[in-house]
Amino acid sequence: MAKLIDGRAIAEKVYVDLCREIAELKEKDVTPGLAVVLVGDDPASRAYVRSKDKMCRELGLHSLKLELPASTTQTELLSRVEELNADSAIHGILVQSPPPAHIDETAIVRALDPRKDVDGFHPENVAKLVLDDSSGFVPCTPLGVQRLLIESKININGAHVVVLGRSMIVGKPLALLLMQKNEKANATVTVVHSRSRDLAEITRTADIIISAIGRAGFVQADHVREGAVVIDVGINRVEDAASERGYRLVGDVAFDEVSKKASAITPVPGGVGPMTIAMLISNTVKAARQLL
Ligand code: GUN
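Thresholds, definitions, all that
Residues numbered from 1 in each chain as written. Predicted model: local features only at pLDDT ≥ 70, side-chain atom pairs only at ≥ 80, totals over all residues. Heavy atoms only, no water. Helix = DSSP H or I, 4+ residues; strand = E, 2+ residues; numbered from the N terminus. Buried < 20%, exposed > 50% of the residue type's maximum accessible area, 1.4 Å probe, protein only. Near = heavy atom within 4 Å. Polar contact = N/O pair within 3.5 Å; in protein donor to acceptor, adjacent residues only side chain to side chain. Areas by Shrake-Rupley, 256 points an atom, 1.4 Å probe, with all protein chains shown as cover. Nonpolar A, V, L, I, M, F, W, Y, C, P; charged D, E, K, R; others polar.

## Examining unusual backbone geometry
No. 1: Here the bond from Ser97 into Pro98 is cis, since omega is 0 degrees, no more than 30 degrees from zero.
No. 2: Position of Pro98 among the secondary structure elements: in the loop between β4 (92-95) and α4 (105-111).
No. 3: Residue Val268 is joined to Pro269 through a cis peptide bond whose omega torsion reads 0 degrees.
No. 4: With respect to the helices and strands, Pro269 occurs in the loop between β11 (264-265) and α10 (272-291).
No. 5: Positive phi, close to 65 degrees, is recorded for Asp29, a residue that is not glycine.
No. 6: Tracing the backbone through its elements, the reader meets Asp29 in the loop between α1 (7-27) and β2 (33-39).
No. 7: Residue Asp132 is not a glycine yet carries a positive backbone phi of 60 degrees.
No. 8: Relative to the helices and strands, Asp132 resides in the loop between α5 (123-130) and α6 (140-151).
No. 9: Under the relative-accessibility criterion, Asp132 is labelled partly exposed at 39%.

The following block contains the structure:
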């Protein structure tokens, strides 16, 4: 049976370190400030935004939650971003994705001050990730996955990591992060995706499988080598009549069968999820320090 990687416990440890850094900044009269912008009323996005706001407040950060109607125009949203860029009390800005269809998300991301882009989506930060320039911001979920592996004492150096999925939020930045030339990375990275041939043959050669493909139960026992480490980034809704909400959240990994083969595995929920918000706070603290 696999060892369970407890994302909540590891995130708590991260918060203890962050509290110390926040206290140091406050001694210099700086309170790190995060602005989260939500356009429209997608229920899942609202829930994420609420939990980010709550965590900021618990840690004593300045938190600004901007909830704009779905009718907000591109021009209006751009001018809100400009205001936040110019606001010296705000060090990090996050525009919740996905926005309504009439919003050009790429243009919004490019309008962010890259020094406040705590999501790491701005082209300047993407370039810094490619260039191994540690002054940039790395997207929160990849950063959280790397930290989970390190804190769980799983060796990344020289390991064969297979990433499932090539999104700009998870797969692609995660592959870049883990192949960087430093002691927290140095992995041999393979990326597979929806069009990959012989996918299971490739994942069976992995020391570490990281799934961010967004399909419930996609990773099965025959994808996994005995003793591999399995990290599940997926958050998928599946119908569940027994649940009050009518659905439950599951990962990309068929947990019951894969946990019998893996040496370590993350649950959903309680694995990668809690780490993502911890890394958002970490990026905000970094932004405040770099903007000093
Ligand atoms: N929606 C889902 N994940 C993310 C994220 O990491 N950042 C933003 N801005 N939106 C998201």
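## So, the site of the ligand
No. 1: All residues in the neighbourhood of the ligand are listed as Leu94, Val95, Gln96, Ser97, Asp119 and Phe121.
No. 2: At 2.9 Å from a nitrogen atom of the ligand is found a main-chain nitrogen or oxygen belonging to Val95.
No. 3: Interatomic distance of 2.6 Å between a side-chain N/O atom of Asp119 and a nitrogen atom of the ligand.
No. 4: Notes on the ligand: free accessible area 280 Å², of which the protein chains cover 81%.
No. 5: For the shell around the ligand, the class distribution of residues is three nonpolar, two polar and one charged.

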